[in-house]
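A structural walkthrough
If you want the building blocks of each chain, they are given just below.
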Amino acid sequence: VGILYYPDQFPKPITSWLDYFHAPENLKSKLLALNTAQTMFGLGLKALGYSVNSTSASELDEVTALLRQHRSYVKAYRNVLFEEKEPLLKGELAAALVYNGDALTLMEMNDQLRYVVPSEGSIFWYDSWAILQPSSQKILAMKFLNFINQPEINARNAQFVSYATSNKEAEKFLSEEYLSNPVSYPA
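Residues numbered from 1 in each chain as written. Predicted model: local features only at pLDDT ≥ 70, side-chain atom pairs only at ≥ 80, totals over all residues. Heavy atoms only, no water.

Considerations on the pattern of salt bridges
Taken as a whole and judged by the stated rule, the model has seven salt bridges. Across the salt bridge formed by R78 and E86, the nearest N and O atoms sit 3.0 Å from each other. The partner of K85 in a salt bridge is E83, and the shortest N-O contact between them spans 3.4 Å. You can call K85 exposed: its relative accessible area is 58%. With relative accessibility at 34%, the residue E83 sits in the partly exposed group. (Salt bridge = Lys/Arg side-chain N within 4 Å of Asp/Glu carboxyl O. Buried < 20%, exposed > 50% of the residue type's maximum accessible area, 1.4 Å probe, protein only.)

Describing the sheet that holds strand β1 (residues 2-5)
The sheet built from five strands is open, its strands ordered β3-β2-β4-β1-β5 with mixed pairing. Looking at strand neighbours, the two that pair on one side only are β3 (74-77) and β5 (114-116), the edges of this open sheet. Each adjacent strand pair in this sheet contributes to an overall mean axis angle of 20°, direction not counted. As paired elements, strand β2 (residues 31-33) and strand β4 (residues 95-98) share two bridges and run parallel to each other. Looking at the pairing, L32 lines up with A96 of β4. (Pairing = 2+ DSSP bridges. Helix = DSSP H or I, 4+ residues; strand = E, 2+ residues; numbered from the N terminus. Axes fitted to C-alpha atoms, helices over the stretch in contact; angles between N-to-C directions.)

A word on the packing of aromatic side chains
Tallied over the full model, the rule gives four aromatic pairs. Both rings, one in Y20 and one in F21, keep their centres 5.3 Å apart while their planes meet at 80°; by these two values the pair is edge-to-face. Residue class for Y20 comes out buried when judged on its relative accessible area of 0%. (Phe/Tyr/Trp six-rings, centres within 6.5 Å; stacked < 30°, edge-to-face > 60°.)

Topic: helix α6 (residues 151-161)
What α6 keeps buried is the set I153, N154, A155 and A158. Buried residues along α6 sit in contact with α5 (138-148) and α7 (176-179). (Contact = heavy atoms within 4.5 Å.)

Regarding the side chain of N167
Mapped onto the secondary structure, N167 falls in the loop between α6 and α7. A relative accessible area of 14% places N167 in the buried class. Reaching out from N167, the side chain makes a polar contact with the backbone nitrogen of E169 at a distance of 3.1 Å. Residues contacting N167, with those up to four places away along its chain left out, are N149, P151 and N154. (Polar contact = N/O pair within 3.5 Å; in protein donor to acceptor, adjacent residues only side chain to side chain.)

Take a look at the structure:
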């Protein structure tokens, strides 16, 4: 998770979570935030220098205050849209919290956008697949998982969705340019 933003909307390049959470006054109602409390609290904890896994009541109270103060800057709590009517793409918003693969897609749609993972670090996440116990199509589901995890197929899927792959064999089918992209593969 990082910050996708228009550099001309901020007085200096964004390097910290606090640059987002303490945005300039003129950006009220011009930010997009993610709609999961766990993510927002985790990023708030990072912004304040705490562990994303903190259970300290005083630290959680500080984050609550930070998020309440930040609320007037947030136009909406949701994921970005990949369509022309997305307010971020149209320049109606100044910044958004986004997943890195989403950032790449949006940057291809609007080359004025920049993406940063703040210096404090971020939340590491991954998608996963599971076959539910009551599934009536377990064999078919297993065939799909075997298919999608074939290295060449997995590499094609990673490129299509603009995300990193955890399949080390698939990386052999990805270009060095793709593997060294700091948006897909942050430090």
